[in-house]
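# Examination of the molecular architecture
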Amino acid sequence: MGHRDIVRDLAFWPDDDTLISASGDASIRVWDVPSGGALDMLTEHQGEVWTLACCPTNRTFVSCSDDATVRVWEMAQQRQSILTSTIHGNVEAIEKMAWSRPDALSQTLIVTGNVLGQIRFWDVSQSAGQCRAEFQELGPTSAMAFRSDGRLLAVGNDRQSATVRLWDATRAEVIGQLGGFDDCATALCFSPDGAMLACGAQSGQITLWDVANPSANALRYRLHGHTLEINSMAFAADGQRLVSASSDHTVRVWSVASGTEQYMLPADKHNSSVACHPTAPFFAYLAPDDHIHVAELTDVAPRQIYQRFPSLTNIVYAMVFSPDGCRLASVGMDHVVRIWDVASGRQIHNLAVHQNTYAMAYDPNGQMIATTGPDGAIHLWELATGKRVQILRAPRLYEGMKVSGVSGISAAQRAALKTLGAMEA
């Protein structure tokens with residue numbers, strides 16, 4: 001089985017019997033040259049893999065991707081490769097994003113966090129979006145969520161001594177911090193009334209915190225049940241239940257009042273997201289039949305599915321309901337954002353975003369949707385027309401540099417320079 005996208009680079013192993021290929025499908029493949037058979041497939045990169053290099057003196061090779069990493073691999077005797085280290089580079093891939101409009105402000109805010117730990121506050125209330133402030137967090141951004149009033153922002157940091165910091169979004173300053181986690185936070189969400197914050201960890205543990213006073217936060221419950229990383233969480237509209245999705249291939253529903261699990265549903269092994277309807281007792285998740293199920297949120301496992309949407313891809317990275325609950329947006333590994341009408345089950349929009357989309361959010365009015373990915377930019381889409389209307393991007397390392405007519409560089413190097421802001425014309 002070959003690559004599903006363009007092959008960006010090739011490298012022969014020193015023995016001449018092994019060929020390594022890098023592809024736009026975010027994978028690396030190792031091939032046996034005499035037989036033409038595939039020996040190994042490496043899928044740790046989260047974006048297109050642009051270039052490869054083999055060390056001539058030992059059994060290592062490196063790969064560079066637009067997920068902002070260089071990864072170092074060691075090839076074993078059976079030509080199976082092991083990831084030995086990951087180096088974060090200069091391509092500022094945005095991994096997390098939250099969109100809010102504080103009631104007391106005229107600005108519409110988008111906050112982004114990237115793999116370098118840079119937090120940026122964007123004002124998109126004007127026709128030309130501007131980066132209002134930029135801060136360096138404690139580590140790469142692992143999770144992010146706004147409180148419903150848009151004034152409090154929670155940011156998780158991916159580092160060994162994991163923390164969640166609380167930001168005053170109106171002043172862009174840290175006002176509180178949560179600690180004592182057994183691993184880094186991978187999912188965050190506020191309750192509808194803003195008084196509680198749910199933190200999901202890489203270990204599978206969920207903690208519920210009282211954050212009515214951000215400077216004096218109290219741990220309320222530790223929820224045990226998931227065995228692997230928490231990918232996504234959402235509170236029910238009434239705030240009485242919490243829904244969580246995990247890499248253990250389950251979706252679990254929890255009672256917020258007692259901190260106990262109410263029931264568990266099997267999910268697709270690639271389910272990375274769960275979403276709750278903003279006004280009605282429904283939630284959405286990717287089921288084992290490769291369909292997005294919209295089910296009623298009750299005290300016991302639902303016996304009937306309210307709506308089913310074909311995922312059209314075996315991985316769904318993100319799902320989100322529109323503010324009025326009439327539409328559901330989903331995005332998967334095929335680089336397409338699909339907008340579904342919840343009542344009829346009809347697909348009403350199809351946005352080709354042309355890249356892996358790590359995060360997605362509706363604007364407060366439900367008229368636009370924002371997407372982010374490995375190119376380090378925020379793309380704003382107008383849903384009435386299905387057109388991209390704006391791109392927000394902080395200056396990159398080689399922003400504006402002209403490379404047209406430049407000789408002595410390979411196609412992969414030229415592509416890497418363009419990823420960092422260089423231009424052909």
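Before going into details, it helps to say that this report is about the structure given with it. Bear in mind the structure is a predicted one, so any value in this text is a computation, not a measurement.

### Structural notes on the sheet that holds strand 32 (residues 347–352)
Taking strand neighbours across the sheet as the criterion, the four strands line up as 29-30-31-32 in an open arrangement whose pairing is antiparallel. The open sheet has two free edges, formed respectively by strand 29 (316–321) and strand 32, since each of these has just one partner strand. Neighbour to neighbour, the strand axes of the sheet diverge by 15° on average, direction disregarded. Relative to strand 30 (residues 327–332), strand 29 runs antiparallel, the two sharing five bridges. Counted as the bridge partner of V320 is A329 from strand 30.

### What about the sheet that holds strand 27 (residues 291–296)?
The strand order 25-26-27-28 describes an open sheet built from four strands, whose pairing is antiparallel. With partners counted over all chains shown, the strands left at the sheet margins are strand 25 (274–276) and strand 28 (305–310), one partner each. Across the sheet, the mean angle separating the axes of adjacent strands is 15° when strand polarity is ignored. For strand 27 and strand 28, the ladder comprises five bridges, and the chain directions are antiparallel. When the sheet's bridge partners are listed, H291 is paired in strand 28 with P310.

### Brief notes about the nonpolar core
Counting 16 residues, the largest nonpolar core has V243, V251, F283, Y285 and L297 as its most contacted members. Contributions of two or more residues to this core are made by strand 22 (241–246), strand 23 (250–255), strand 24 (260–266), strand 25 and strand 26 (282–286). Grouped together as the second largest cluster of nonpolar side chains are 15 residues, L152, L188, F190 and W209 included.

Analysis parameters
- Residues numbered from 1 in each chain as written.
- Predicted model: local features only at pLDDT ≥ 70, side-chain atom pairs only at ≥ 80, totals over all residues.
- Heavy atoms only, no water.
- Pairing = 2+ DSSP bridges.
- Helix = DSSP H or I, 4+ residues; strand = E, 2+ residues; numbered from the N terminus.
- Axes fitted to C-alpha atoms, helices over the stretch in contact; angles between N-to-C directions.
- Core = buried A, V, L, I, M, F, W, Y, C linked by side-chain atoms within 4.5 Å.
- Buried < 20%, exposed > 50% of the residue type's maximum accessible area, 1.4 Å probe, protein only.

Geometric descriptors of this kind do not, in isolation, establish any biological role.
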